[in-house]
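For reference, the chains in residue letters:
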Amino acid sequence: MSEKQYHLDTLAIHAGQEIEPCTMARAVPIYRTTAYNFRNVEHAANLFALKELGNIYTRLMNPTNDVLEKRFAALEGGAAALTLSSGTAAVFFALTNILKAGDEFVTASNLYGGTMTQFGSIMPQYGITPRFTTVNDFQAVEAAVNAKTRAIFIETIGNPMLDVADIEGYAKIAQKHNLPLLADATFTPPPVLRPIKYGANIVIHSLSKWIGGQGTGIGGIVVDDGKFDWTDPKFALYNEPDTGYHGLRWAHDLGALQPLAFTLRLRLVGLRNQGPALAPDMAWQFLQGTETLPIRMERHNANALKTAQFLKKHPKVAWLHYPGLEGDPSYELAKKYLPNGASSVVVFGPKGGVASSIKIVDNIKLFSHLVNVGEAKSVITFTGSTTHSQLTEEEVRATGLKPDVVRLSIGLEHIDDILGALDDALKLV
């Protein structure tokens, strides 16, 4: 039976691994090596000339990382994947694997604060221009596309206000203009959503969140559907000769590997020459999380839904967003894209505004006060002074961020303990 015939729960445990023949070890080994021996000079030359695939140096590839990459390609229904040092690096290098100075991309504005800063403050330093549009405003997206546009970027669920992106709506525009659609799916790992199914070409994850699940490592991954046509001349990085590879044209000269042009270029240009490599120890750590990801997401999502239902009825809560609740602005989209659970993040504002939000965050028990999501432990964050603190007032308005927002990442504790901690904190306001 091929891997494509297995259910996702099975792929999360088995995909990508071939038993190592020397030792027959069942668990994936950690290959702690900087470099790899060559059989001879010809073998080395063939590897560097891309005439033969194989291990050269762990900045480029590592057998432990390779299992994680193959596993996520299988989980997302993609053709290939590449691990990087962080989710932020994954976003940056995925985009700069397409765009060069003078190019533009269209993006939704309801993004994680670090991504907003990367796009608004750092990308322009490289001569790359983002065009921000309100999420799911497809008239604005169409208006933002022009002759310089090379990609469309979205988050499947916006961080932190939890707007669900209409992926098929974005994919329709992307296909009309022959643009790749990139989706940061950090809030929706594969048991929750598979964006490629709905038209995304490139899927990005922070491995540090639900995939790792324990808050013990930093990493990112980029998954390529292997179907986008890069031969359109507007993609200069793929059609003009690459002087770093003796005139190789990435969209034309890869032979049988041509469907993997995006991933190969990302590995052999971005990763090789700029070095955002994921350590094999971290890849192994994320493999452990991946094995239990489907069953953990069931508990995360179930706890989050019960938490949202509890807060919606609480007399001390002024407003609440959770896509899985009827009446939420994203409820209909969540029913379409997230039938297995609407993620495990809940955001709300208490009566009394910012002062009450701070009192809750400073005094709540059980919840960890930190800037992460997706851990086994429940987490609380006052986002206005942390994850989005670098943004200008205009950028904050564009994200839809409310000044009193409290972000909850609901963990795996017993639901009665989670609700008890929230109730006790809300009594203080």
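Above: the structure in question.
Residues numbered from 1 in each chain as written. Predicted model: local features only at pLDDT ≥ 70, side-chain atom pairs only at ≥ 80, totals over all residues. Heavy atoms only, no water.

1. With respect to the overall build of the protein chain
Turning to step 1, where the next piece is worked out: Across its full length, the protein chain holds 14 helices and 12 strands.
Turning to step 2, where the next piece is worked out: The C-alpha radius of gyration of the protein chain comes to 22 Å, within 12% of the 22 Å expected for a compact globule of 429 residues.
Turning to step 3, where the next piece is worked out: Seen through its C-alpha atoms, the protein chain measures out along the principal axes to roughly 75 × 55 × 35 Å.
Turning to step 4, where the next piece is worked out: Within the protein chain, the fraction of its 429 residues that count as buried is 56%.
Turning to step 5, where the next piece is worked out: Contacts in the protein chain between residues at least 24 apart in sequence constitute 72% of all its contacts with a sequence separation of at least 6.
Turning to step 6, where the next piece is worked out: Surface summary for the protein chain: the accessible area is close to 18,200 Å², and the carbon and sulfur share equals 53%. (Helix = DSSP H or I, 4+ residues; strand = E, 2+ residues; numbered from the N terminus. Rg over C-alpha atoms; globule rule 2.2 N^0.38 Å. Buried < 20%, exposed > 50% of the residue type's maximum accessible area, 1.4 Å probe, protein only. Contact = heavy atoms within 4.5 Å. Areas by Shrake-Rupley, 256 points an atom, 1.4 Å probe, with all protein chains shown as cover.)

2. Quick word on the layout of surface pockets
Turning to step 1, where the next piece is worked out: Considering only enclosed or pocket space, the largest pocket measures out at about 800 Å³ in volume.
Turning to step 2, where the next piece is worked out: If you go around the largest pocket, you meet 34 residues; those closest to its centre are Met 61, Asp 66, Glu 69, Lys 70 and Arg 267.
Turning to step 3, where the next piece is worked out: When contributions to the lining of the largest pocket are tallied by element, the ones reaching two or more residues are helix 3 (63–76), strand 1 (80–84) and helix 9 (261–274).
Turning to step 4, where the next piece is worked out: The biggest single contributor to the lining of the largest pocket is helix 3, with six residues.
Turning to step 5, where the next piece is worked out: Here the residues of the lining of the largest pocket are counted per class, giving 22 nonpolar, five polar and seven charged.
Turning to step 6, where the next piece is worked out: Of the volumes computed, that of the second largest pocket is approximately 440 Å³.
Turning to step 7, where the next piece is worked out: Thr 88, Tyr 112, Asn 159, Ser 206 and Lys 209 are the residues nearest the centre of the second largest pocket, which is lined by 23 residues in total.
Turning to step 8, where the next piece is worked out: Here the residues of the lining of the second largest pocket are counted per class, giving eight nonpolar, 11 polar and four charged. (1 Å grid on protein atoms, 1.4 Å probe; cavity = no way out; pocket = protein on both sides within 12 Å on 5 of 7 lines; lining within 4 Å. Points joined across faces, edges and corners; volume = space filled by probe spheres on them. Nonpolar A, V, L, I, M, F, W, Y, C, P; charged D, E, K, R; others polar.)

3. Re the side chain of Ser 330
Turning to step 1, where the next piece is worked out: Residue placement: Ser 330 occurs in the loop between strand 8 (317–321) and helix 11 (331–337).
Turning to step 2, where the next piece is worked out: The exposure class of Ser 330 is buried, given its relative accessible area of 6%.
Turning to step 3, where the next piece is worked out: Of the polar contacts made by the side chain of Ser 330, one reaches the backbone nitrogen of Val 164; its length is 3.0 Å.
Turning to step 4, where the next piece is worked out: In this structure Ser 330 touches Leu 162, Asp 163, Val 164 and Pro 323, once residues within four positions along its chain are discounted. (Polar contact = N/O pair within 3.5 Å; in protein donor to acceptor, adjacent residues only side chain to side chain.)

4. Details of the sheet that holds strand 5 (residues 181–184)
Turning to step 1, where the next piece is worked out: Here we have seven strands laid out as an open sheet, ordered 1-7-6-5-4-2-3, and mixed in their pairing. Two strands lie at the open edges of the sheet, namely strand 1 and strand 3 (129–133), each paired on one side alone. Across the sheet, the axes of successive neighbouring strands diverge by a mean angle of 20°, strand direction being ignored.
Turning to step 2, where the next piece is worked out: Here strand 2 (residues 104–108) runs beside strand 3; their pairing, made up of five bridges, is parallel. Bridged to Phe 105 within strand 3 is Pro 130.
Turning to step 3, where the next piece is worked out: Where helix 4 (residues 87–96) meets the sheet, its contacts fall on strand 1, strand 2, strand 4 (149–155), strand 5, strand 6 (202–206) and strand 7 (220–224), and the angle it forms with strand 6 comes to roughly 160°.
Turning to step 4, where the next piece is worked out: The strands that helix 9 touches are strand 1, strand 6 and strand 7; relative to strand 1, the one it contacts most, it runs at about 25°. (Pairing = 2+ DSSP bridges. Axes fitted to C-alpha atoms, helices over the stretch in contact; angles between N-to-C directions.)

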